[in-house]
Amino acid sequence: MDFEQLAKIENESERVNKTYDVFNEDTRLNHSKAARVEFLTTVHYIEKYLKEGDKILDIGAGAGEYSLYFARNGYAVSALELADANIAAFRKKITPEDKIDLVQGNALDLSRYADKSFDIVLLFGPLYHLKNDVDKKKCIHEAKRVLKDSGKLFLAFISNDFVFLTEFGYDVNYFGNGDYDKETFKLNDFPFVFHTVSAARKLLTDSGVRILHEVASDGASELLASRINEMNEADYAQYLRYHFYICEKPELFGMTNHLLFVGEKE
């Protein structure tokens with residue numbers, strides 16, 4: 001399936017499902033040092049709040065990178081994923097020792113999970129795809145419903161404004177022929193949905209989420225990937241320390257492909 005065929009699918013759930021026949025989520029977070037920055041940053045922030053015995057819900061779990069990491073560090077993980085390709089890739093990795101309850105389902109319907117049943121809720125994939133605010137708020141409401149009152153919510157968005165520079169790195173003509181509004185600089189929400197920092201922040205505050213951290217989860221790592229991937233291990237470790245040093249600085253927050261918000265229920 002190509003982008004043209006994908007664009008013709010009217011049903012949103014089916015279109016999201018088929019998107020991952022085109023994009024390989026299984027290797028996105030682990031295929032290089034540069035790609036690994038997003039994963040390592042996200043884990044770093046989750047582990048700030050994770051306690052022994054905590055229960056984790058991974059909504060939009062992809063191919064299982066986060067679920068497997070935390071399950072193999074001793075936590076009970078429930079994972080929900082929509083896309084057939086991701087479910088298949090995830091299931092291939094699960095061993096009998098992994099404490100993971102994996103189900104295929106839609107982030108807009110978490111009725112299988114009881115109120116206030118998880119200490120940590122991860123919402124990393126769904127907000128890459130939901131286009132209208134009603135569905136976005138319903139998704140966040142469901143995530144909050146299953147979160148304990150003392151729990152923490154982790155949400156990811158794709159940043160509208162920095163994608164221009166990473167795309168320019170691949171295509172010298174991007175500013176002339178890129179798929180965006182040439183006046184407003186709003187990217188076309190296909191095949192993913194893009195948010196500015198202010199739009200993501202407003203969505204969360206309007207949805208009753210108290211924001212604790214705003215994090216540039218991969219920063220300039222995709223833009224600088226060729227150089228980062230050449231680093232030796234010592235230099236890469238120092239680069240990660242630098243990244244953690246700047247990733248919450250307000251003046252640099254929007255300069256990232258992926259935004260991570262850490263929050264709690266108001």
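Before any of the text, the structure's been laid out above.
Residues numbered from 1 in each chain as written. Predicted model: local features only at pLDDT ≥ 70, side-chain atom pairs only at ≥ 80, totals over all residues. Heavy atoms only, no water.

1. Details of the packing of helix α7 (residues 133-145) against helix α10 (residues 197-206)
Running from amino to carboxyl end, α7 crosses α10 at an angle of 55°, the nearest separation of the two axes being 10 Å. As summarised for this structure, α7 and α10 are arranged oblique, according to the angle between their axes. α10 is crossed by α7, and the crossing has right-handed handedness. Residues Lys136, Lys137 and Ile140 of α7 form the contact with α10, whose participating residues are Leu203, Leu204 and Asp206. The residue makeup of the contact of α7 with α10, split by class, is three nonpolar, no polar and three charged. (Axes fitted to C-alpha atoms, helices over the stretch in contact; angles between N-to-C directions. Helix = DSSP H or I, 4+ residues; strand = E, 2+ residues; numbered from the N terminus. Parallel < 35°, antiparallel > 145°, perpendicular 65-115°, else oblique. Left-handed = near helix turned anticlockwise from the far one by under 90°. Contact = heavy atoms within 4.5 Å. Nonpolar A, V, L, I, M, F, W, Y, C, P; charged D, E, K, R; others polar.)

2. Re the packing of aromatic side chains
Taken as a whole, this structure holds 18 aromatic pairs when the rule is applied. With centroids separated by 5.7 Å and ring planes inclined at 85°, the aromatic side chains of Phe39 and Tyr69 adopt a geometry described as edge-to-face. Residue Phe39 is located in helix α4 (residues 33-49), and its partner Tyr69 is located in helix α5 (residues 65-71); the two are separated by 30 residues in the primary sequence. For Phe39, a relative accessible area of 2% puts it in the buried group. On the accessibility criterion, Tyr69 (26% relative accessible area) is partly exposed. Relative to Phe70, the ring of Tyr69 lies with its centre 5.0 Å away and its plane at 90°, an arrangement referred to as edge-to-face. You can call Phe70 buried: its relative accessible area is 1%. (Phe/Tyr/Trp six-rings, centres within 6.5 Å; stacked < 30°, edge-to-face > 60°. Buried < 20%, exposed > 50% of the residue type's maximum accessible area, 1.4 Å probe, protein only.)

3. What about the pattern of salt bridges?
In this structure the tally under the stated criterion is 16 salt bridges. Asp119 serves as the salt-bridge partner of Lys148, at 3.1 Å between the closest nitrogen and oxygen. In this pair, Lys148 sits in strand β5 (residues 147-159) while Asp119 sits in strand β4 (residues 118-123), placing the two residues 29 residues apart along the sequence. The class of Lys148 is partly exposed, set by a relative accessible area of 28%. Overall, Asp119 belongs to the buried group, its relative accessible area being 11%. Residues Asp189 and Lys186 are paired through a salt bridge, measuring 2.9 Å at the closest nitrogen-oxygen approach. Salt bridges here are not isolated pairs; linked through shared partners, they connect Asp115, Glu142 and Arg145. (Salt bridge = Lys/Arg side-chain N within 4 Å of Asp/Glu carboxyl O.)

4. Comments concerning the layout of surface pockets
Volume-wise, the second largest pocket comes out at about 160 Å³. Considering the residues around the second largest pocket, the lining is formed by Ala216, Gly219, Ala220, Leu224, Tyr239, Tyr242, His243, Ile246, Cys247, Leu252 and Met255. Take the lining of the second largest pocket: its biggest share by element is four residues, from helix α12 (residues 233-246). Broken down by class, the residue content of the lining of the second largest pocket amounts to nine nonpolar, two polar and no charged. (1 Å grid on protein atoms, 1.4 Å probe; cavity = no way out; pocket = protein on both sides within 12 Å on 5 of 7 lines; lining within 4 Å. Points joined across faces, edges and corners; volume = space filled by probe spheres on them.)

5. So, the nonpolar core
Most often, soluble globular proteins keep nonpolar side chains buried together rather than apart. One finds Phe70 and Phe154 to be the most contacted residues of the largest nonpolar core, which totals 37 residues. Leaving out residues up to four positions away in the same chain, Phe70 has contacts with Val43, Ile46, Glu47, Leu50, Ile56, Tyr75 and Val77. Counting 30 residues, the second largest nonpolar core, distinct from the first, contains Phe118, Leu147, Phe157 and Val209. (Core = buried A, V, L, I, M, F, W, Y, C linked by side-chain atoms within 4.5 Å.)

6. Re the side chain of His213
Following the sequence through the fold, His213 ends up in strand β7 (residues 209-216). Here the side chain of His213 touches Tyr49 through a polar contact of 2.7 Å, side chain to side chain. Sequence-distant contacts of His213, defined by excluding residues within four places in its chain, comprise Tyr45, Tyr49, Glu248, Leu260, Phe261 and Val262. (Polar contact = N/O pair within 3.5 Å; in protein donor to acceptor, adjacent residues only side chain to side chain.)

7. Some words on the packing of α4 against α12
Following both chains from N to C, one finds α4 and α12 inclined at 50°, their axes separated by 11 Å at the closest point. Judged by the inter-axis angle, α4 sits oblique to α12. Where α4 crosses over α12, the handedness of that crossing is right-handed. Of α12, the residues touching α4 (which contributes Lys33, Arg36, Val37, Leu40, Thr41 and His44) are Glu233, Tyr236, Tyr239, Leu240, His243 and Phe244. For the contact of α4 with α12, the per-class residue count stands at six nonpolar, three polar and three charged.

8. As for the pairing of β5
Of all 13 residues that make up β5, 10 are buried, and the element is covered over most of its length. The parallel pair β4 and β5, bridged by α7, forms a crossover whose chirality is right-handed. Across six bridges, β5 lies against strand β8 (residues 258-265) in antiparallel orientation. Bridge pairing in β8 places Ala156 opposite Leu260. Here β5 pairs with strand β6 (residues 194-195) via two bridges, running parallel. Bridge assignment links Ile158 to a residue of β6, and that residue is Phe194. (Right-handed = clockwise from strand over helix to strand, strands pointing away. Pairing = 2+ DSSP bridges.)

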